[in-house]
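Chain by chain, the residues run as shown.
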Amino acid sequence: MKYFDFAATTPLDPEAAEVYVQVATEYYGNSSSLHDIGGQSAALLENCREELAKLAGIDKQGLFFTSGGTEGNFLAVEALLSSPKKDGNHIIAGMAEHSSIHGVLNRLKGAGYEITLLPLNSNGLVDLELLVESIKPGTIMIALQHVNSEIGTIQPIEEIATICRLNGIHLHSDCVQSFGKINVNTIAPLVSSFSFSGHKIYGPKGIGGVYVDPHINWEPFFPGGSHENGFRPGTSNVPAIAAMTVAAQKITANLQEDHHRYRLLRKALIDSLEPIKEKVTIYQADDMSQVATIIGLRISGIEGQWMMLECNRLGFAISTGSACQIGMQSPAKVTQALGLTTTEAKEFIRVSFGRSTCLEDVVELGESIVTIVNKFSASAVIENN
């Protein structure tokens, strides 16, 4: 099967896998133990923290390891709310945020917080004028993802960070889809917190991280924890952290080369859909505000789930949106943010590229989608006669 769902997860890099096994067998001590074996694990853990901090352009004192993006988003939001810059109970977030953000927002709404959700414009971006208009005297936090996981648009975090700073508002950014894919160094020092995940960058599943500005005097959500400076409980997963660090080093070293290759692959897929272009709607921004690896689209008249199953039958793995949303049988969050109708939302599919994606496979996928659409249209005509 040819894999086109890299936005959901990536295969473990072989070198990262080797590091995982080596660390798990040779650096097995608990990094919080005071004996020498524990000290070796602790030293390796801190080396990884320092290296990842360098890659992201942040202070290592603010970097904490988590079990992944979902936990990272939850703990980051709770940390910021434990130390607001001013009094208030109003939070602004994107309507298209990952389900982990919506999960914590729903809990906070029940606890008395006021939540405002911002839609996306036709280019898949937040309207900055609307964002400013939505700010109230009691607005204490804005949560906006850096890159949308379903259409790949890049939000203007630098400008949003300036707005937050001028209004005394914390800014959390979900960087799970941007870390390792584009340069986050320009935005990382500007936000109050951001999250990332290992399995999106060819590292292990079950590991990730959060950066919280060291100047913020946050309080732990889980009291009494001694690991990660109290940020979260549980023994540090040093083998996974080391493997994620190797994966991060490798993927960031090839950012420019990968950017060019993925642009070519994106163009090839879009060009291959030319025969059915009147039925295809691609949700994207201009090149400067769009990652090339994620293509979110819909084909008029064909449900996305049916298209996904037909592609699967032909040997192509695509998706209908975020894998964290699939089991709920509800439309991708981004379709609601874009203002699509229920029918249009059900037509949404996502194609995402990765390290092993080649041009021939991309063209073959595009041609297969065209064939599926033409056969579907032909059968519909026969049924109507």
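For the structure given in this document, a descriptive report is provided here. (Residues numbered from 1 in each chain as written. Predicted model: local features only at pLDDT ≥ 70, side-chain atom pairs only at ≥ 80, totals over all residues. Heavy atoms only, no water.)

## Regarding the overall build of the chain
Each helix and strand counted, the chain has 12 helices and 12 strands in total. Computed over C-alpha atoms, the radius of gyration of the chain comes to 22 Å, within 12% of the 21 Å expected from 2.2 N^0.38 for 385 residues, which places it in the range of a compact globule. The buried share of the chain, taken over its 385 residues, is 54%. Contacts in the chain between residues at least 24 apart in sequence constitute 74% of all its contacts with a sequence separation of at least 6. Carbon and sulfur atoms make up 53% of the accessible area of the chain, which amounts to about 16700 Å² in all. Computing the positive centroid from 28 side-chain charges and the negative centroid from 41, the chain places the two 3 Å apart. (Helix = DSSP H or I, 4+ residues; strand = E, 2+ residues; numbered from the N terminus. Rg over C-alpha atoms; globule rule 2.2 N^0.38 Å. Buried < 20%, exposed > 50% of the residue type's maximum accessible area, 1.4 Å probe, protein only. Contact = heavy atoms within 4.5 Å. Areas by Shrake-Rupley, 256 points an atom, 1.4 Å probe, with all protein chains shown as cover. Lys, Arg positive; Asp, Glu negative; His and termini not counted. Charge placed at Lys NZ, Arg CZ, Asp CG, Glu CD.)

## Observations concerning the packing of aromatic side chains
According to the stated counting rule, one finds 12 aromatic pairs in the structure shown. Ring centres 5.1 Å apart and planes at 90° place the aromatic pair Phe221 and Phe222 in the edge-to-face group. Relative accessible area serves as the criterion here: at 33%, Phe221 is assigned to the partly exposed category. We classify Phe222 as partly exposed; its relative accessible area is 33%. Through pairs of rings, three or more aromatic residues link up here, namely Phe179, Phe194, Phe196 and Tyr211. (Phe/Tyr/Trp six-rings, centres within 6.5 Å; stacked < 30°, edge-to-face > 60°.)

## A short note on the pairing of strand E10 (residues 294–299)
The element E10 is extensively covered by neighbouring structure, given that six of its six residues are classed as buried. One ladder, built from four bridges, connects strand E9 (residues 280–283) with E10; its direction is antiparallel. In the sheet register, Thr281 faces E10, and the bridge partner there is Arg298. Looking at chain direction, E10 and strand E12 (residues 348–352) are connected through five bridges and run antiparallel. Note that in E12 the partner of Ile294 across the bridge is Ser352. (Pairing = 2+ DSSP bridges.)

## Regarding helix H7 (residues 238–253)
With 16 residues, H7 should reach 22 Å at 1.5 Å per residue; the first-to-last C-alpha distance of 23 Å fits that figure. Taken as a whole, H7 has its buried residues at Val238, Pro239, Ala240, Ile241, Ala242, Ala243, Met244, Thr245, Val246, Ala247, Ala248 and Ile251. Packed against the buried residues of H7 are helix H1 (14–26), helix H2 (36–56), strand E2 (63–66), strand E7 (193–197), strand E8 (208–212) and helix H8 (255–272). (Expected span 1.5 Å × (residues − 1).)

## Quick look at the sheet that holds E8
One open sheet holds the seven strands; their spatial order is E2-E8-E7-E6-E5-E3-E4, and the pairing between them is mixed. Unpaired on one side and paired on the other, E2 and strand E4 (114–118) mark the two borders of the sheet. Between one strand axis and the next, the sheet turns through 20° on average, direction left out of account. In the sheet, E2 pairs with E8 via four bridges, with the strands oriented antiparallel. Across the sheet, Phe65 pairs through a bridge with Gly209, a residue of E8. Across the sheet, H2 lies against E2 and E7, angled at about 115° from E2, the strand it touches most. (Axes fitted to C-alpha atoms, helices over the stretch in contact; angles between N-to-C directions.)

## Structural notes on the pairing of strand E5 (residues 139–143)
Counting buried positions along E5 gives five out of five residues, so the element sits mostly inside the fold. As judged from the four bridges shared by strand E3 (residues 90–94) and E5, these two strands associate in the parallel manner. In the strand pairing of E5, Ile92 is matched with Ile142. Where E5 meets strand E6 (residues 170–174), three bridges bridge the pair, whose relative direction is parallel. What sits directly across from Ala143, in E6, is His172. One crossover worth recording links E5 to the parallel E6 by way of helix H6 (residues 157–166), and it is right-handed. (Right-handed = clockwise from strand over helix to strand, strands pointing away.)

## Describing helix H9 (residues 304–313)
In an α-helix, one full turn covers 3.6 residues, which means residues spaced three or four apart are oriented alike. When we look at burial in H9, the residues that qualify are Gly304, Met307, Glu310 and Cys311. Down the axis of H9, the buried side of the element spans an arc of 125°, and every buried residue falls inside it. Phi for Gly315, located one or two positions after H9, is positive at around 95°. (Arc of directions from axis to C-beta.)

## As for the side chain of His199
You can see His199 is positioned in the loop between E7 and E8. Here Thr9 takes part through its side chain, which lies 2.7 Å from a polar atom of the side chain of His199. Leaving out residues up to four positions away in the same chain, His199 has contacts with Ala8, Thr9, Thr10, Pro204 and Lys205. (Polar contact = N/O pair within 3.5 Å; in protein donor to acceptor, adjacent residues only side chain to side chain.)

## A short note on the nonpolar core
Formed by 80 residues in total, the largest nonpolar core has its most connected members in Leu131, Phe194, Ile299, Met307, Phe353, Leu365 and Ile369. Looking at which element gives the most residues to this core, the answer is H7, with seven residues. With residues near it in sequence (within four places) discarded, Ile299 still touches Lys279, Val280, Met307, Glu347, Ile349, Ile369 and Val373. With 21 residues, the next largest nonpolar core counts Phe64, Leu81, Ile101 and Leu105 among its residues. (Core = buried A, V, L, I, M, F, W, Y, C linked by side-chain atoms within 4.5 Å.)

## Digging into the packing of H1 against H7
The angle between the axes and the distance between the axes are what describe a pair of packed helices. Look at H1 against H7: their axes get within 8 Å of each other, and the N-to-C directions meet at 155°. Compared by their axis directions, H1 and H7 come out roughly antiparallel. With respect to the hand of their crossing, H1 and H7 are arranged in right-handed fashion. Where H1 approaches H7, its residues Glu15, Ala16, Val19, Tyr20, Val23 and Ala24 are matched on the opposing element by Val238, Pro239, Ala240, Ala242, Ala243, Val246, Ala247 and Lys250. Residues of the contact of H1 with H7, tallied by class, amount to 12 nonpolar, no polar and two charged. (Parallel < 35°, antiparallel > 145°, perpendicular 65-115°, else oblique. Left-handed = near helix turned anticlockwise from the far one by under 90°. Nonpolar A, V, L, I, M, F, W, Y, C, P; charged D, E, K, R; others polar.)

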